[in-house]
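Secondary and tertiary structure notes
Here's the letter readout for the chains.
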Amino acid sequence: MAKILVIVECSEKKDVLPAYESSNWIQENSILEKLSPQQRETLLTLRRKVAESVPDRKGFLHSSKPGPDLGYNTSSKTVTYLQAHIRYRKGRAYSILLKEDMFFWGKVKKCCEQVDVLFLSPLYGVVRFDELIRNYDIDINDRGPSGVTPLQIWRGKLNEIIYDYAVNTGVEIGISANKQEIRTTPPRHTPRNRESGLRRLL
């Protein structure tokens, strides 16, 4: 059975659940585990660049606080984490994916060899559905003091990162959840064509 990768666009709404927030970030289940060393370093470098270049809109959240989720060797006690699909549960990602099946996330966790979900994010670039993420308030088009936006920082890089992840996890089919578009990659034994198929989706 071909493995499916669902890619969900940025979600504006984020939830905060004090009873479930964790002050400890762990790499387990994150996209970092399945990236090549080069793409892992690229992802973390760009996460730090966004955090250091584009402040939160209201100044009271934690996007710019150091933490291992952004590739820093230190952490801040003021930053707490939730799994991405819980953090985004009030956004369009949650509503779209649960529209047909209210038990969607439980089924994804049980069938991780057949289906996977990635969220696009202005701060993180891209995260797995059960990766631990902080609360943040940054839009893809927000401008920092230098005039740079997250969109400019991530442009041209996310395709390479997601493609690397897809290849490393055996993805054959990609679905863009928000646009309801489906693209199927050619068989694995034709890597050049398979690459072009994935890139058309991205």
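As the structure is a prediction and not an experimental result, all values here were calculated from the model.

Conventions and cut-offs
Residues numbered from 1 in each chain as written. Predicted model: local features only at pLDDT ≥ 70, side-chain atom pairs only at ≥ 80, totals over all residues. Heavy atoms only, no water. Phe/Tyr/Trp six-rings, centres within 6.5 Å; stacked < 30°, edge-to-face > 60°. Helix = DSSP H or I, 4+ residues; strand = E, 2+ residues; numbered from the N terminus. Buried < 20%, exposed > 50% of the residue type's maximum accessible area, 1.4 Å probe, protein only. Lys NZ or Arg CZ within 6 Å of the ring centre and 35° of its normal. Pairing = 2+ DSSP bridges. pLDDT = per-residue confidence, 0-100. Contact = heavy atoms within 4.5 Å. Salt bridge = Lys/Arg side-chain N within 4 Å of Asp/Glu carboxyl O. Polar contact = N/O pair within 3.5 Å; in protein donor to acceptor, adjacent residues only side chain to side chain.

All right, on to the packing of aromatic side chains then. Evaluation of the coordinates by the stated rule reveals 2 aromatic pairs. When the centroid spacing of 6.0 Å and the interplanar angle of 70° are considered together, the rings of Tyr124 and Tyr136 count as edge-to-face. A residue pair is termed long-range when its members are at least 10 positions apart, and Tyr124 in the loop between β3 (115-121) and β4 (125-128) and Tyr136 in the loop between β5 (132-134) and α5 (150-154) qualify at 12 residues. Of the two residues, Tyr124 and Tyr136, neither departs from the other in class, the shared state being buried. Lying across the ring of Tyr136, Lys14 places its NZ or CZ 4.5 Å from the centre.

What follows covers the pairing of β3. Counting buried positions along β3 yields 7 of 7 residues, so the element is predominantly enclosed. Residue alternation in β3 divides its side chains into two sets, Val115, Val117, Phe119 and Ser121 and Asp116, Leu118 and Leu120, and both sets are buried. Where strand β1 (residues 3-8) and β3 come together, 5 bridges link them in parallel fashion. The residue of β3 that forms the bridge with Val6 is Val117. Of the pairings in the sheet, the one linking β3 to β4 comprises 4 bridges and is antiparallel in character.

Another aspect to go through is the confidence of the model for the chain. Looking at the chain as a whole, its pLDDT mean stands at 78, while 73% of the residues score no less than 70. Here residues 180-202 is modelled with pLDDT under 50, and outside its nearest four sequence neighbours on either side it reaches 45 contacts, counting other chains as well.

With that settled, consider the pattern of salt bridges. Under the definition given, this model contains 6 salt bridges. Arg48 is paired through a salt bridge with Glu41; the nearest N and O atoms lie 3.6 Å apart. On the basis of relative accessibility, which here comes to 41%, the residue Glu41 falls in the partly exposed class. A salt bridge links Arg47 to Glu131; the shortest N-O distance between them is 3.3 Å. Taken together, the residues span a long stretch of sequence, with Arg47 in helix α1 (residues 37-53) and Glu131 in the loop between β4 and β5 at a distance of 84 residues. Counted as one network, the salt bridges with shared partners bring together Asp116, Arg128 and Asp130.

Attention now moves to unusual backbone geometry. In this model, Asn29 sits at a positive phi of 75°, which is unusual for a non-glycine residue. Here Asn29 lies in the loop between β1 and α1. Residue class for Asn29 comes out partly exposed when judged on its relative accessible area of 31%.

Before going further, it helps to examine helix α6 (residues 158-168). Those residues of α6 that fall on the buried side of the exposure criterion are Leu158, Ile161, Ile162, Tyr163, Asp164, Tyr165 and Ala166. Where α6 terminates, the next one or two residues include Gly170, which has phi positive at roughly 75°.

Turning our attention to the environment of Arg40. Position of Arg40 relative to the elements: it lies in helix α1. Along the sequence, Arg40 and Ile161 sit 121 residues apart, while their C-alpha atoms lie 7.9 Å from each other. There is a polar contact of 2.9 Å between the side chain of Arg40 and the backbone oxygen of Leu35.

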